Amino acid sequence: MRLVFAGTPEVAVPALDALLASQHEVVAVVTRPDAPAGRGRKLVASPVAQRAEEAGIEVLKPARPSEPEFMARLAELAPDCCPVVAYGALIRPGALEIPVHGWVNLHFSLLPAWRGAAPVQHAVMAGDEVTGASTFLIEQGLDSGPVFGVLTELVKPTDTSGELLTRLSHAGAELLVRTMDAIETGQARPEPQPLDGVSLAPKITVEDARIEWTHPALRVDRVVRGCAPAPGAWTWFRGERLKVTGPVRLLPDETGLAPGELAVAKNSVRVGTGSHAVELGEVRPQGKKAMAAADWARGVRIESGERFEVGEGSGAGERSGGGEG
């Protein structure tokens, strides 16, 4: 089939590579416009755009996929199907109708669970033991179209959302190719999603990533892993935001620390929670690089009884806007 692939971030590149290596022909790529990045804030092409340019494929970067110029070019390309992975923009009805077999999305959840922008992060933060990926036909509803195929993936107890998403991106790439194959041969039989079991996965906000030390240790662990690498779990310490970028280790036998209370040893930093203590792995102070928690603690010279701020009275409410990026 003639394909126009739509995708933007690094997680979409394995699917593009798999389609390039398949029997199908990728005639063009649709991606988000170049965006500022780095300290110089220079405009940088998306990972998908960079990979497409390396492969010598035409790259389309509409500000909105409803633009007349883009719609006209898509019609000229006459794709049989448009596979999509993390494109990042809403496809309007006019564009949906151009490819013969529609737009087929690779979504990183077992639909109808975790519809939305951040399914993997929500799966980790919710403590799901099994997740997966689905290919489905895009329609106007939010990730609600009929499903072509699924795969399952175990969520390891130590998985960050980044690690889990990497595995799913590679396994899902093969699922997407198999879906294209089935559509081409007429063997694809998309099944409507069940009405029950629907859950939503909106984008994780900075406030969602804030660690509540009054919550049980298991919940703290899930927030840290679910928000790694982005947006990064965080807490308040001495009036500044401290990101907890590395995993925490659960210490179920240590219950003597109050929520947020810090205990520092030579090579460890322990924090109390609503159940038992956790040991910090890696942290990132505001405006600095990530470092081992023990190195951070030595640098700031934590005093006995000091703690991370907890509760609504910590000032987080008025300071939660924005972030370090």
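The structure presented is a predicted model; accordingly, all values stated were derived computationally and were not measured.

Analysis parameters
- Residues numbered from 1 in each chain as written.
- Predicted model: local features only at pLDDT ≥ 70, side-chain atom pairs only at ≥ 80, totals over all residues.
- Heavy atoms only, no water.
- Pairing = 2+ DSSP bridges.
- Helix = DSSP H or I, 4+ residues; strand = E, 2+ residues; numbered from the N terminus.
- Axes fitted to C-alpha atoms, helices over the stretch in contact; angles between N-to-C directions.
- Parallel < 35°, antiparallel > 145°, perpendicular 65-115°, else oblique.
- Left-handed = near helix turned anticlockwise from the far one by under 90°.
- Contact = heavy atoms within 4.5 Å.
- Nonpolar A, V, L, I, M, F, W, Y, C, P; charged D, E, K, R; others polar.
- Phe/Tyr/Trp six-rings, centres within 6.5 Å; stacked < 30°, edge-to-face > 60°.
- Buried < 20%, exposed > 50% of the residue type's maximum accessible area, 1.4 Å probe, protein only.
- Disulfide = S-S within 2.5 Å.
- pLDDT = per-residue confidence, 0-100.
- Salt bridge = Lys/Arg side-chain N within 4 Å of Asp/Glu carboxyl O.

### Observations regarding the sheet that holds strand β17 (residues 291-292)
For step 1, the next point in the chain: With antiparallel pairing, four strands are arranged side by side in an open sheet as β10-β11-β16-β17. Edge positions in the open sheet fall to β10 (233-237) and β17, since each of these has one partner strand only.
For step 2, the next point in the chain: In terms of strand pairing, strand β11 (residues 240-244) meets strand β16 (residues 282-285) through three bridges, oriented antiparallel. Looking across to β16, one finds that V244 is bridged to V283.

### Brief notes about the packing of helix α1 (residues 13-20) against helix α6 (residues 161-185)
For step 1, the next point in the chain: Look at α1 against α6: their axes get within 8 Å of each other, and the N-to-C directions meet at 40 degrees. Classified by the angle between their axes, α1 and α6 sit oblique to one another. The two elements α1 and α6 cross, and the hand of that crossing is right-handed. Touching P14, A15, A18 and L19 of α1 are S169, H170, A173, E174, L176, V177 and M180, all from α6.
For step 2, the next point in the chain: Tallied by class, residues from the contact of α1 with α6 come to eight nonpolar, two polar and one charged.

### Some thoughts on the sheet that holds strand β15 (residues 277-279)
For step 1, the next point in the chain: Spatial strand order, β12-β15-β14-β13: four strands in an open sheet with antiparallel pairing. Each end of this open sheet is capped by a strand with a single partner; those strands are β12 (249-251) and β13 (262-264). With strand direction ignored, the average angle separating the axes of adjacent strands in the sheet is 30 degrees.

### Side note on the packing of aromatic side chains
Centre distance and the angle of the planes are the two values used to describe a pair of aromatic rings.
For step 1, the next point in the chain: One pass over the full model with this rule turns up five aromatic pairs.
For step 2, the next point in the chain: Look at W234 and W236: their rings are 5.3 Å apart centre to centre, the planes differ by 85 degrees, and that puts the pair in the edge-to-face class. Across the pair, exposure class does not vary: W234 and W236 are buried alike.
For step 3, the next point in the chain: For the ring pair F237 and W296, a centre distance of 5.2 Å and an interplane angle of 70 degrees mean the geometry is edge-to-face. Of this pair, F237 sits in strand β10 while W296 sits in helix α8 (residues 293-300), and the two are 59 residues apart along the sequence.

### Some words on the state of the cysteines
For step 1, the next point in the chain: Counted by the stated rule, this structure contains zero disulfides.
For step 2, the next point in the chain: Looking at the unpaired C82, the closest cysteine sulfur is the one in C81, lying at 6.5 Å.

### Topic: the confidence of the model for the protein chain
For step 1, the next point in the chain: Averaged over every residue, the pLDDT of the protein chain is 93; the share at 70 or more is 95%.
For step 2, the next point in the chain: Note that pLDDT drops below 50 for residues 313-325; the model gives that stretch 28 contacts with residues more than four away or on any other chain.

### Quick notes on unusual backbone geometry
For step 1, the next point in the chain: Following L111, the chain continues to P112 via a peptide bond in cis, the omega torsion being 15 degrees.
For step 2, the next point in the chain: Along the chain, the position of P112 falls in the loop between β7 (103-107) and α5 (119-125).
For step 3, the next point in the chain: Its identity is not glycine, yet A78 carries a phi of approximately 50 degrees, on the positive side.
For step 4, the next point in the chain: Position of A78 relative to the elements: it lies in the loop between α3 (68-77) and β6 (82-85).
For step 5, the next point in the chain: Judged by relative accessible area, which is 41%, A78 ranks as partly exposed.
For step 6, the next point in the chain: The backbone phi angle of D143 is positive, close to 50 degrees, even though this residue is not glycine.
For step 7, the next point in the chain: Note that D143 resides in the loop between β8 (130-137) and β9 (147-154).

### Quick word on the pattern of salt bridges
For step 1, the next point in the chain: Tallying each qualifying case throughout the model produces 14 salt bridges.
For step 2, the next point in the chain: D159 is paired through a salt bridge with R167; the nearest N and O atoms lie 2.8 Å apart.
For step 3, the next point in the chain: By relative accessible area, which is 22% here, R167 ends up partly exposed.
For step 4, the next point in the chain: Here E212 makes a salt bridge to R210, at a shortest N to O gap of 3.6 Å.
For step 5, the next point in the chain: On the basis of relative accessible area, E212 is assigned to the buried category, the value being 18%.
For step 6, the next point in the chain: What emerges from the salt-bridge pattern is a single network uniting D17, R51 and E54.

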